Amino acid sequence: MSLSKTLLGCAFLAATLHAGALEPGWEKGAFMEIFVRGYQDSNGDGVGDLRGLTSRLDYLKALGIRGIWLMPVTASSDHDHGYAATDYRRISPEYGSNADMARLLREAHKRGIGVIMDYVVNHSSDQHPFFQSASRSRKSPYRDWYVFADAQVAGYSSGWQVFDKNPWYPAPEGEYLGIFGKNMPDFNWRNDKVVDYHFKSLRYWLDMGLDGYRLDAVPHLVENNAKDWNDQPESRALTRRMRELIQSYPGRYVVCEATANPVAYAQPELCGSAFGFGLQYDIVKAAKGQPEAVRAVADYYTAMPPGMATMLSNHDGFAGRRMWDQFEGNEARMRLAAASYLLGPGTPFIYYGEEIGMAGSPDQSPDDELRGPMSWGSAQPFSAARPFRPYASNAATQNAQAPNAMLAFYKQLIALRNGLPAIAQGRFEQAQVSGLSLSFQRRTESQTVVVVLNYANQAAEVALDRLPPLAALVSELPREGLPLRSDAQGRATVGLPPLSIAVYRLLP
Ligand SMILES: [Ca+2]
Ligand SMILES: [Ca+2]
């Protein structure tokens, strides 16, 4: 009795401390997706780590970041991206200790920054002790934790094609399912012991003060047969249960990777948030001056649920190369791409280094070029040693230390998001597309902001005809911009220089 009282007291204290740690609505601020291996090395081994990241929190705070998504940080066998997990409750020794994680959380909270962690739900590493046991013997207590063909009807494993591959692999005993490859065997989520194990692991980090999760590849949790393997009802039901567990803790945020159907997974009753894969291609095309893509961006924002997570690129090659490489260093067009999502609805995720115009690592595979060491500059570099992967090809000129116009612009955009509730939390309304210009309004009950983007390489006169009549608007971007007034019909015209952005706030 006294023990359970004590535990209750601890849980209450932890919840109280956490509830005060972050402002309500923090999850609508800008996030930074961080590959810890590539962020900051603290001990001179050429590999980034949690202490290194903690030492860079002031940089993130100064940038205006409100949330961090850590790519997997628990022990893994790949010694790179971390998605081949060998332990769900222990920080990878290369990155530090669980105590280092607790310290990162405390220090981030002091700066008003929440931290979410990648959680790899569908599979473990083939080196995970559970799978090592399961694969060696049909009598292993962990045999039913994974998906083996011998537990299914005869012929179950024939005729599968997943991502152009047969996902079944031979084990010392029998055949197992590995949707993402031989080294990442799928868990059997129909086994209650697996559910219980992962739910306890999720709680482990939440109890430490973690602010939520990015749940990896959730449409792949449960497969039914060779045809019905993607986005099955059972996978949705499990995703929903995980989201409910996580949000039984106050103030937590969950975002899902659900490439099968991001809009469905972003609904509040399912995951609540999901990455809007596809939008980033249209934003890049719009910023390169393709008119049909400008319309596509407007249509996407008009239709999407407010919980969508947006981005320009991430750690995966399929989502696209780093912005610098896609735009070949054209900073004006990169600024337009940045404004197209940082001033939009949803939760924007900046991929680390994007804010300084960091290029990819040279001579690497499409995935690896995206995961290079952060270009901090030569005064306080990523590492005193040779880094685990080559520095970005433009690290000498484009870094966080050199005078950097991109960084200054990102700070401006994020400051607008942090300072104007209509941008962070407001509805997306009154989108108007004309050629290569896009305007839209962001609105809460008490604030209206008008965003105007000129994607054309020439000056534009943009007509706004859906404003309140006789309204006064002040320029928020550029700061020195002239005020604007709508006529009795709610119309106004804005002159924009080539490849530029204007933001106005309606005076109440
Ligand atoms: Ca290190
Ligand atoms: Ca699966």
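Just so it is clear, the model here is predicted, and its values are computed rather than measured.

Caption draft 1: Geometry of the coordination of the calcium ion (ligand 1). Looking at the calcium ion (ligand 1), one finds its protein donor set to be Asp41 (OD), Asn43 (OD1), Asp45 (OD), Val47 (O) and Asp49 (OD), positioned 2.3 to 2.4 Å from the metal centre. All donors of the calcium ion (ligand 1) come from a single chain, and their spacing in sequence reads D-x1-N-x1-D-x1-V-x1-D. For Asp45, a relative accessible area of 41% puts it in the partly exposed group.

Caption draft 2: Highlighting unusual backbone geometry. Here the bond from Leu477 into Pro478 is cis, since omega is -5 degrees, no more than 30 degrees from zero. Relative to the assigned elements, Pro478 resides in the loop between strand S15 (472-477) and strand S16 (484-485). We note that His79 has phi near 55 degrees; this positive angle belongs to a residue other than glycine. Along the chain, His79 falls in the loop between strand S2 (67-70) and helix H4 (98-110). The residue Phe163 is not glycine, and still its phi comes out positive at about 50 degrees. With respect to the helices and strands, the residue Phe163 is situated in the loop between helix H5 (129-136) and strand S4 (168-170).

Caption draft 3: Region of interest: the state of the cysteines. Counting across every chain of the model gives 1 disulfide. Between the sulfur atoms of Cys256 and its disulfide mate Cys271 the distance is 2.2 Å. The disulfide joining Cys256 to Cys271 has a torsion of about 90 degrees about its S-S bond and is therefore right-handed. Remark: Cys271 occurs in the loop between helix H8 (262-265) and strand S8 (274-275) and Cys256 occurs in strand S7 (residues 253-256); sequence separation between them is 15 residues. The burial state of Cys256 is the same as that of Cys271; both residues are buried.

Caption draft 4: Quick peek at the domain arrangement of the protein. Considered domain by domain, the protein is made up of domain 1 (2-122 + 190-419), domain 2 (129-177) and domain 3 (426-506). Contacts between the two partners involve 11 residues from domain 1 and, on the opposite side, 12 residues from domain 2. Between domain 1 and domain 2, roughly 940 Å² of surface is buried when both sides are summed, and carbon and sulfur atoms account for 69% of that area. Joining domain 1 to domain 2, the criterion identifies 0 salt bridges. At the junction of domain 1 with domain 2, the criterion picks out 2 residue pairs in polar contact (both at pLDDT 80 or more). A class-by-class count of the residues in the side of domain 1 that touches domain 2 yields 4 nonpolar, 5 polar and 2 charged.

Caption draft 5: Up close: H5. Along H5, the positions that sit buried rather than exposed are Phe130, Phe131, Ala134 and Ser135. When H5 is viewed along its axis, its buried side chains cluster within an angular range of 120 degrees and face the same direction.

Reading the values: rules and limits
Residues numbered from 1 in each chain as written. Chains lettered and ligands numbered in written order. Predicted model: local features only at pLDDT ≥ 70, side-chain atom pairs only at ≥ 80, totals over all residues. Heavy atoms only, no water. Donors = N, O, S within 2.8 Å, 3.2 Å for Na, K, Ca; no water. Buried < 20%, exposed > 50% of the residue type's maximum accessible area, 1.4 Å probe, protein only. Helix = DSSP H or I, 4+ residues; strand = E, 2+ residues; numbered from the N terminus. Disulfide = S-S within 2.5 Å. Domains from an automatic or database assignment. Contact = heavy atoms within 4.5 Å. Buried area = accessible area lost by both parts, 1.4 Å probe. Salt bridge = Lys/Arg side-chain N within 4 Å of Asp/Glu carboxyl O. Polar contact = N/O pair within 3.5 Å; in protein donor to acceptor, adjacent residues only side chain to side chain. Nonpolar A, V, L, I, M, F, W, Y, C, P; charged D, E, K, R; others polar. Arc of directions from axis to C-beta.

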